[in-house]
Amino acid sequence: MFNKKGLIRLLGLISIICWLALLLSSFNYLFGRWMEQSSQNIPKVFLALFFVCLILFYQNRIKRVEQTNFVDTLWKVFVTGLIATIVSLIISSFLSFFRDNKLSQNVLLINFFYNINIGLVSAFLISTYVAWKRLILYQYSKWLFRFWRFFEYALWITIILNLLDIKFLDNYFRIIFFGIMVLALVPLINLKWVAYLNFGQKWKSLLLIGIVISYLIYFSIHLVDYSSKYRLVINLIDNVFVIALFTFILLYAIISFLVILFNLPTSSVFEQKLEEVVSFQRLSQSLQHGQKEEDVYAILLKSSISATNADAGWLEVNSMNEDACITVNEGFKNGQLHAIKEKIEQVKGIKQLSQIQSLGEVNKHKLSFSIKDNRYRSILRYPLFVKAKLSGWMVLVKGVSVGFNNDMLEMVKAFTNQAYISIENHHLIQETLANERYKEELKIAQKVQRSLLPQSLTHNEDLDIAAFSDTAYEVGGDYYDTYRIDEDRMALIVSDVSGKGTSAAFQMSQLKGIFHSYAQLALDPHEFFTQANLALSRSLDKSSFITSSYYIIDQKNKEITFARAGHCPTLYYSNDQKKADYLKNKGLALGVLRNPSYKNYVHVNNLHYKNGDVIVLYTDGITEAQLQGEEFGYERLKDVVEKNASLNAQEIQNEIIKALFQFCDTECLDDDFTVLVLKFNVNENVSK
Amino acid sequence: MLEINKIADPPFQKLILIGEVDASTSIQLDQMMEEVTSEGLVLIDCTHLAYISSAGLGVFNAYFQDAEGSGNKLVLYGLSEKIKSVFELVGLDQFLSIAENEDEAKKLINESSV
């Protein structure tokens, strides 16, 4: 209905109306007394209403205090008091000016002025009360809030009690007053806000509170003076609420004043602690805004100097990438720095510091020394670690001897750790970004490499073929391919490049080139491997080699010619014997012997296939798949093939992969693996 | 995991391999091999070698590429059947000296260096 501003204005207006009503009812009472008719209660009711309105008005008007506006709140109290005091002084001087005049004896005029005083004093007391309330309840606890509530309710009740006929210092007055004061004890000692004032604010607060106290004293003298001199319709001195409020405000002002005064000498320590917290914050946030390592070290040096009260310092450290030495200096001119460095080298025990191996050892060593120099008397030499390696030093110097204590050392240590965390985080972020880029590139590589494996395998009337390949990383080193040489013959290769990942993938692509060039020349396995070895010898990294199996399948003669270059032995299932066996012919991997004598190590075999025979070619990722030290092995592979030999090639291949995944989950497959199944379906009736 | 212990047993340098040589640990082995092969006669104790991957074989392959004609001698010994079969599969056993035990390995290395 109302916005906050409207509400405040309305309450202000009602307060003024109540005050006017109070004034008029007082006059009415005075007139009525002459006519012996009227009661004193009506003005009392309006006074009570006036108090309530004022409380509501100031509760809404004076905002919650924040750390930055304690002084503002005090300032507002001061201004309100100033206005009240000035107006009240004008009235007193007016009255004293006309002291001998009859006018000053006029009851109506005196009560009119007194009513103005009531208004001013009430406004000042209540606004101050609300301001104090805000200060007391700064960072309040549950218990404090409860105590405060008790006190506040009791205070409000006294407004109503005032409607009874109570005189200053009679029995009722005393009971109520002491009751309120007991309740006020807990709120009175809550001065948390004082701790948050800095040195300058403390001085301002002292001044303002001092003036507020003097207002209060002035008002008390003034009101007592009034009540002793004149006959009044309403005497504030008889009002328990006003007296209790007045006492509370005055006590809190005095306590605050004293506490601030005694806190003055220690405030520089608090400020330094605060500064340290801010330094921490700066260090921890420093690298988020595109700053360099050097900036963090500059902040570290500055923070350390201010935390230890040092006069100057410098810092030399290797950067995270170890590609540069970072030097920061604070408070030295060039020539001075060089001179002091030379002096420090001569200090006894300083060389031993270089033996510090790890952060944990730092505490065991003496880090502060005294030096002989006209300007500086003591130094602190603190080791800086980057990537757990001693990489540099921060040196702080002081003009006084024995200038560095353990507390300061701890502080420097904390700053250093924080700085290190910042720098490390920064690098981690950079690395992550770089990694993201690599990942993207690897994805492309993966696509390219996938396209190197054949999309479809060459078929043959006699032959049913299926293949499956997967890589441990984004890209792998397994390769298989087929090539139709002529109507009857096709070439087939399975290879595994040593190692895995990107380098293996590149070498695999070389192999593809070799296969496609030589296969079309219809080279026999012996010649193929000799040529391939020759080609690869020139390009393969010296630690790399490639194992391979090469097959030529001749449909016309139902013959397979093959050789093994260090590759896993081929599994051959003979349908006649219903048995599978590994073809253990001799061979040597490509790239081991890089000279023409390699040809002596290639052994070509051949065999004739029959209907239902199965050939299984694979890479060591299959047989060497491990589960808790146990390998999938040759026997398991053989069993799977023997059991499923009656199925077609695709089904056999599925069964092998299924068996592999049953043996161990995909996670334990940490190598590239490939399996190729060939099944011969010779229609013997048709064949010659 | 791979642990490599290097023991000087003049005139030999002895490397004791414990654990597994895979793609990641092969780098460790490679560095150690580089270090010792420049120092002369090398014995490699594979008694506690549980596994060697193709990348691990690659390290020996690299040694073999370097050693041709350099006069450096290297003998492996104490290979389990499994490890031996891996060397045989690839054919590296035909070029690297492999002995049963340490004494035999020393004998082998002395004969060949004469």
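Now for a look at the structure at hand.

Criteria and cut-off values
- Residues numbered from 1 in each chain as written.
- Chains lettered and ligands numbered in written order.
- Predicted model: local features only at pLDDT ≥ 70, side-chain atom pairs only at ≥ 80, totals over all residues.
- Heavy atoms only, no water.
- Helix = DSSP H or I, 4+ residues; strand = E, 2+ residues; numbered from the N terminus.
- Rg over C-alpha atoms; globule rule 2.2 N^0.38 Å.
- Buried < 20%, exposed > 50% of the residue type's maximum accessible area, 1.4 Å probe, protein only.
- Contact = heavy atoms within 4.5 Å.
- Areas by Shrake-Rupley, 256 points an atom, 1.4 Å probe, with all protein chains shown as cover.
- Lys, Arg positive; Asp, Glu negative; His and termini not counted.
- Charge placed at Lys NZ, Arg CZ, Asp CG, Glu CD.
- Buried area = accessible area lost by both parts, 1.4 Å probe.
- Salt bridge = Lys/Arg side-chain N within 4 Å of Asp/Glu carboxyl O.
- Polar contact = N/O pair within 3.5 Å; in protein donor to acceptor, adjacent residues only side chain to side chain.
- Nonpolar A, V, L, I, M, F, W, Y, C, P; charged D, E, K, R; others polar.
- Axes fitted to C-alpha atoms, helices over the stretch in contact; angles between N-to-C directions.
- Parallel < 35°, antiparallel > 145°, perpendicular 65-115°, else oblique.
- Left-handed = near helix turned anticlockwise from the far one by under 90°.
- Pairing = 2+ DSSP bridges.
- Core = buried A, V, L, I, M, F, W, Y, C linked by side-chain atoms within 4.5 Å.
- Expected span 1.5 Å × (residues − 1).
- 1 Å grid on protein atoms, 1.4 Å probe; cavity = no way out; pocket = protein on both sides within 12 Å on 5 of 7 lines; lining within 4 Å.
- Points joined across faces, edges and corners; volume = space filled by probe spheres on them.
- Phe/Tyr/Trp six-rings, centres within 6.5 Å; stacked < 30°, edge-to-face > 60°.
- Lys NZ or Arg CZ within 6 Å of the ring centre and 35° of its normal.

1. As for the overall build of chain A
- Within chain A, the regular secondary structure consists of 18 helices and 17 strands.
- Its C-alpha atoms give chain A a radius of gyration of 48 Å, more than 25% over the compact-globule value 26 Å for 688 residues.
- Its C-alpha atoms put chain A at 150 × 75 × 35 Å along the principal axes.
- Out of the 688 residues in chain A, the part that is buried amounts to 51%.
- Here the analysis covers contacts within chain A between residues at least 6 apart in sequence; of these, 73% occur between residues at least 24 apart.
- A total accessible area of about 34,400 Å² is found for chain A, and carbon and sulfur atoms account for 57% of it.
- Seen as two clouds, the 69 positive and the 65 negative side-chain charges of chain A have centres 16 Å apart.

2. A short note on the interface of chain A and chain B
- Between chain A and chain B, the contact holds 26 residues from the first and 22 residues from the second.
- Between chain A and chain B the total buried area reaches about 1,800 Å² when both faces are included, carbon and sulfur atoms providing 54% of it.
- If you sort the residues of chain A by the area they bury against chain B, K542, F545 and V592 of chain A come out on top, with a joint share of 29%.
- Where chain A meets chain B, there are one salt bridge.
- The salt bridge involving E631 of chain A is made with K82 of chain B; its shortest N-O contact spans 3.6 Å.
- Here chain A is connected to chain B by seven residue pairs in polar contact (both at pLDDT 80 or more).
- Considering only residue class, the side of chain A that touches chain B consists of nine nonpolar, eleven polar and six charged.

3. Considerations on the packing of helix α17 (residues 633-644) of chain A against helix α18 (residues 649-663) of chain A
Residue and element names in this part refer to chain A.
- Put simply, α17 and α18 touch, their axes get as near as 10 Å, and they point 140° apart. It follows from the interaxial angle that α17 and α18 lie oblique. Pair α17 / α18 crosses with right-handed handedness. Between α17 and α18, the residues in contact are R636, L637, V640, V641 and N644 and I652, E655, I656, A659 and F663, respectively.
- Its residues assigned to classes, the contact of α17 with α18 shows seven nonpolar, one polar and two charged.

4. A closer look at the sheet that holds strand β5 (residues 389-398) of chain A
Residue and element names in this part refer to chain A.
- Strand order in the open sheet made by the five strands is β2-β1-β5-β4-β3, with antiparallel pairing throughout. Either end of the sheet is taken by a strand with one partner, and the two such strands are β2 (325-330) and β3 (368-370). Each strand of the sheet is rotated relative to its neighbour by a mean of 15°, with strand direction disregarded.
- In the sheet, strand β1 (residues 312-318) pairs with β2 via six bridges, with the strands oriented antiparallel. Each bridged residue has a counterpart across the sheet, and for W314 the counterpart in β2 is N329.
- Helix-sheet contacts for helix α11 (residues 293-308) involve β1, β2, β4 (378-386) and β5, and the interaxial angle to β2 is about 35°.
- Its contacts with the sheet put helix α12 (residues 334-345) on β1, β2, β4 and β5, and the angle it makes with β1 is roughly 75°.

5. Describing the nonpolar core
- Counting residues in each nonpolar core, the largest one holds 94 residues, and the members touching the most others are W132, W193 and F248 of chain A.
- Ranked by residue count, the leading element in this core is helix α4 (residues 107-136) of chain A, at 17 residues.
- Those residues within four positions of W132 of chain A in sequence are excluded, and the remaining contacts are L74, V77, V212, F248, I249, Y252 and A253 of chain A.
- Core analysis: the next-biggest nonpolar cluster, separate from the first, contains 85 residues, A491, A504 and Y598 of chain A together with Y63 of chain B among them.

6. Some words on the environment of F31 of chain A
All names here are of chain A.
- Its place among the elements puts F31 in helix α1 (residues 4-34).
- Judged by its relative accessible area of 37%, F31 falls in the partly exposed class.
- Each C-alpha atom, one on F31 and one on K542, is 121 Å from the other, the two residues being 511 residues apart in sequence.

7. A short note on the pairing of strand β12 (residues 579-583) of chain A
Residues and elements named next belong to chain A.
- As judged from the five bridges shared by strand β11 (residues 570-574) and β12, these two strands associate in the antiparallel manner. Residue pairing for β12: Y573 is matched across the bridge by A580.
- Counted between consecutive antiparallel strands, the loop separating β11 from β12 contains four residues, among which K578 sits at a positive phi close to 50°.

8. Here's the deal with the sheet that holds strand β1 (residues 2-9) of chain B
All names here are of chain B.
- Within the open sheet, the five strands sit side by side as β1-β2-β3-β4-β5. Their pairing is mixed. In this open sheet, the two strands that pair with only one neighbour each are β1 and β5 (97-99). Each adjacent strand pair in this sheet contributes to an overall mean axis angle of 25°, direction not counted.
- Against the sheet, helix α2 (residues 54-67) contacts β2 (12-21), β3 (41-52) and β4 (74-77), and its axis sits at roughly 170° relative to β3.
- Relative to β3, helix α3 (residues 81-90) is tilted by about 110°, and along the sheet it contacts β3, β4 and β5.

9. Re the side chain of T619 of chain A
- Tracing the backbone shows T619 of chain A in the loop between β14 (614-618) and α16 (620-623).
- Filtering out sequence-adjacent residues up to four positions away, T619 of chain A remains in contact with D478, V494, S495, D496, H567, C568, D672, F673 and T674 of chain A.

10. A short note on the pattern of salt bridges
- A full pass over the atoms with the stated rule returns 18 salt bridges over all chains.
- Residue K512 of chain A is joined to D481 of chain A by a salt bridge in which the shortest nitrogen-to-oxygen separation is 3.8 Å. Placement of K512 of chain A in helix α14 (residues 502-519) and of D481 of chain A in strand β7 (residues 478-484) is noted, with a sequence separation of 31 residues between them.
- With a shortest N-O distance of 3.6 Å, K658 of chain A and E655 of chain A are connected by a salt bridge. A residue pair is termed a helical-turn pair when its members lie 3 or 4 positions apart in one helix, as K658 of chain A and E655 of chain A do in helix α18 at three residues.
- Residue E655 of chain A is classed as partly exposed on the basis of its relative accessible area of 23%.
- Sharing partners across several salt bridges, the network here consists of D9, K14, E102 and K106 of chain B.

11. Side note on α14 of chain A
Residues and elements named next belong to chain A.
- In a regular helix each residue adds 1.5 Å, so 18 residues correspond to 26 Å; α14 covers 26 Å between its end C-alpha atoms and thus fits that length.
- Restricting attention to buried positions, one finds in α14 the residues A504, A505, Q507, M508, L511, K512, I514, F515, Y518 and A519.
- Lining the buried residues of α14 we find α13 (406-452), β7, β8 (489-497), α15 (525-539) and β9 (546-554).

12. Side note on empty space enclosed by the protein
All names here are of chain A.
- Under the counting rule described, the total for this entry stands at two cavities of 30 Å³ or more.
- By volume, the largest cavity amounts to about 90 Å³.
- Lining the largest cavity, in full, are Y297, L300, L359, L384, F385, T416, N417, A419 and Y420.
- Residue assignment for the lining of the largest cavity shows that the elements contributing at least two residues are α11, β4 and α13.
- Considering only residue class, the lining of the largest cavity consists of seven nonpolar, two polar and no charged.
- The volume enclosed by the second largest cavity comes to roughly 70 Å³.
- Taken together, ten residues form the lining of the second largest cavity, with Q449, R450, L453, T471 and G476 sitting closest to its centre.

13. Concerning the packing of aromatic side chains
All names here are of chain A.
- What the rule picks out here adds up to 45 aromatic pairs over all chains.
- Ring centres of Y114 and Y226 lie 4.9 Å apart, and the angle between their planes is 55°; on these two criteria the pair is classed as tilted. You can see Y114 sitting in helix α4 and its partner Y226 sitting in helix α8 (residues 199-229), a full 112 residues away along the chain. Comparing Y114 with Y226, the two get one shared label, buried.
- In textbook terms, an aromatic cluster arises when at least three aromatic residues are bridged by ring pairs, as seen for W75, F78, F124, Y215, Y218 and F219.
- Directly above the aromatic system of W143 lies the positively charged group of R146, at a separation of 5.0 Å from the ring centroid.
- The ring of F404 is capped by K398, whose NZ or CZ atom sits 5.1 Å from the centre of that ring.

Spatial relationships are all this shows, so hold off on functional conclusions.
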